[in-house]
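Now for the letters of each chain:
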Amino acid sequence: MATGRKTEDSRLKIINAAFKEIHKHGYQGMRIDQVLKNTDLKKGALYYHFSSKQALGYAVLEERIQKTMYKLWIEPLNNFTDPLEAIQSVFEERDNWSDEFFTLGCPLNNLAQEMSPIDEGFRERIEKIFHDWQAAISDALIRGQKQGIVDNTINTNDCACLILASIEGTFSVTKNHQNREVFYSCCRELKRYLDALRIRH
C-alpha cells in the first residue's frame, strides 16, 4: 500500500513540475531534465509513468489543467440562481487567480495557441475542454431563459462562445500587457455585455 502511494505521489509530483514548466516556457520549451531537477527524481521514474514527453504533456493537460478549469469555470455555474451573475462572479473571483494567471496567461489558452496547429492530440483534448466549458455557459443561459432572467431571443450557444472567447482573450491581453488593470477593464465590459442579455421588468 505504501509503495503504491509512493508511486502515485511520484507521478503527481512529475505532473505538477511539468505543469509549471509548460506554463512558464510552453510545451515545446519544457525540458525533461528541468522537470526532473524540480522533483529530485531520476529519469527512470519519469519514464516509468510516461512513455514520452508527449504522453507527459497530455497527462498535464488532462489531469491538471482540465480538472482545474472544470473546478474554476464549470462547476461554480451550478451554484447560482442567476446565470448572468454566475458568469460574472466566476470571472471576477480574483482570489482564484494566482499571479501567474496574469503574468503567464491561462495555461489552457497558452497550449491552444501553441499546440493546436501542430499536434492533433493536443488540439482534440483542448477542443473537448472548450466544448464542455461553452456548453456549461450555454446551459446556464438556457436556465436563465426559463426563469425569465435572460432574453429569450438570443442564441445561447453563440453567446456562450463569445463569452468564452472574451474570458480567454482577457487573460491573453493581460499577459501581453503584464498589467492587471487590463483584466479589470475587461471585467467591466463583460458585465456590460451580460447586462444587455438581461430581461428588464
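Rules used in this analysis
Residues numbered from 1 in each chain as written. Predicted model: local features only at pLDDT ≥ 70, side-chain atom pairs only at ≥ 80, totals over all residues. Heavy atoms only, no water. Salt bridge = Lys/Arg side-chain N within 4 Å of Asp/Glu carboxyl O. Helix = DSSP H or I, 4+ residues; strand = E, 2+ residues; numbered from the N terminus. Buried < 20%, exposed > 50% of the residue type's maximum accessible area, 1.4 Å probe, protein only. Expected span 1.5 Å × (residues − 1). Contact = heavy atoms within 4.5 Å. Polar contact = N/O pair within 3.5 Å; in protein donor to acceptor, adjacent residues only side chain to side chain. Core = buried A, V, L, I, M, F, W, Y, C linked by side-chain atoms within 4.5 Å. 1 Å grid on protein atoms, 1.4 Å probe; cavity = no way out; pocket = protein on both sides within 12 Å on 5 of 7 lines; lining within 4 Å. Points joined across faces, edges and corners; volume = space filled by probe spheres on them. Nonpolar A, V, L, I, M, F, W, Y, C, P; charged D, E, K, R; others polar. Axes fitted to C-alpha atoms, helices over the stretch in contact; angles between N-to-C directions. Parallel < 35°, antiparallel > 145°, perpendicular 65-115°, else oblique.

Draft legend 1. View of the pattern of salt bridges. Per the counting criterion, the structure on display carries nine salt bridges. A salt bridge links Glu-63 to Arg-11; its shortest N-O distance comes to 2.5 Å. Highlighted residues: Glu-63 in helix H4 (residues 53–74) and Arg-11 in helix H1 (residues 2–25), separated in sequence by 52 residues. Between Glu-120 and Arg-123 there is a salt bridge whose closest N-O contact spans 2.8 Å. With Glu-120 and Arg-123 both in helix H8 (residues 120–146), this residue pair falls three residues apart, about one helical turn. By relative accessible area, which is 26% here, Arg-123 ends up partly exposed. Through salt bridges with shared partners, a single network forms among Glu-120, Arg-123 and Glu-127.

Draft legend 2. Structural detail: helix H10 (residues 180–196). Spanning 17 residues, H10 covers 25 Å between terminal C-alpha atoms, matching the ideal 24 Å at 1.5 Å per step. The elements touched by buried residues of H10 are helix H5 (83–92), helix H6 (99–103) and helix H9 (156–177). Capping of H10 at its N-terminal end is provided by Asn-179; its side-chain oxygen lies 2.9 Å from the backbone amide nitrogen of Glu-181.

Draft legend 3. Examining the nonpolar core more closely. By size, the foremost hydrophobic cluster in this structure holds 60 residues, and its most contacted members are Leu-56, Met-69, Trp-73, Leu-108, Leu-111, Trp-133 and Ile-137. Apart from the residues lying within four places of it in its own chain, the contact partners of Leu-108 are Leu-61, Ile-65, Met-69, Ile-126, Ile-129, Phe-130 and Glu-168.

Draft legend 4. Up close: the layout of surface pockets. The volume enclosed by the largest pocket comes to roughly 270 Å³. Around the largest pocket, the lining comprises 14 residues; the ones closest to its centre are Phe-19, His-23, Arg-64, Ser-98 and Phe-101. The set of elements that each furnish at least two residues to the lining of the largest pocket consists of H1, H4 and H6. Of the residues assigned to the lining of the largest pocket, the class counts are six nonpolar, four polar and four charged.

Draft legend 5. View of the packing of H5 against H10. Running from N to C, H5 and H10 point in directions that differ by 175°, and their axes come no closer than 10 Å. Considered as vectors, H5 and H10 are oriented roughly antiparallel to each other. Across the interface between the two elements, Leu-84, Ile-87, Gln-88, Phe-91 and Glu-92 from H5 touch Phe-183, Cys-186, Cys-187, Leu-190, Lys-191 and Leu-194 from H10. In terms of residue class, the contact of H5 with H10 is built from eight nonpolar, one polar and two charged.

Draft legend 6. Representation of the side chain of Thr-39. Structurally, the position occupied by Thr-39 is in helix H2 (residues 32–39). By relative accessible area, Thr-39 is classed as buried at 3%.

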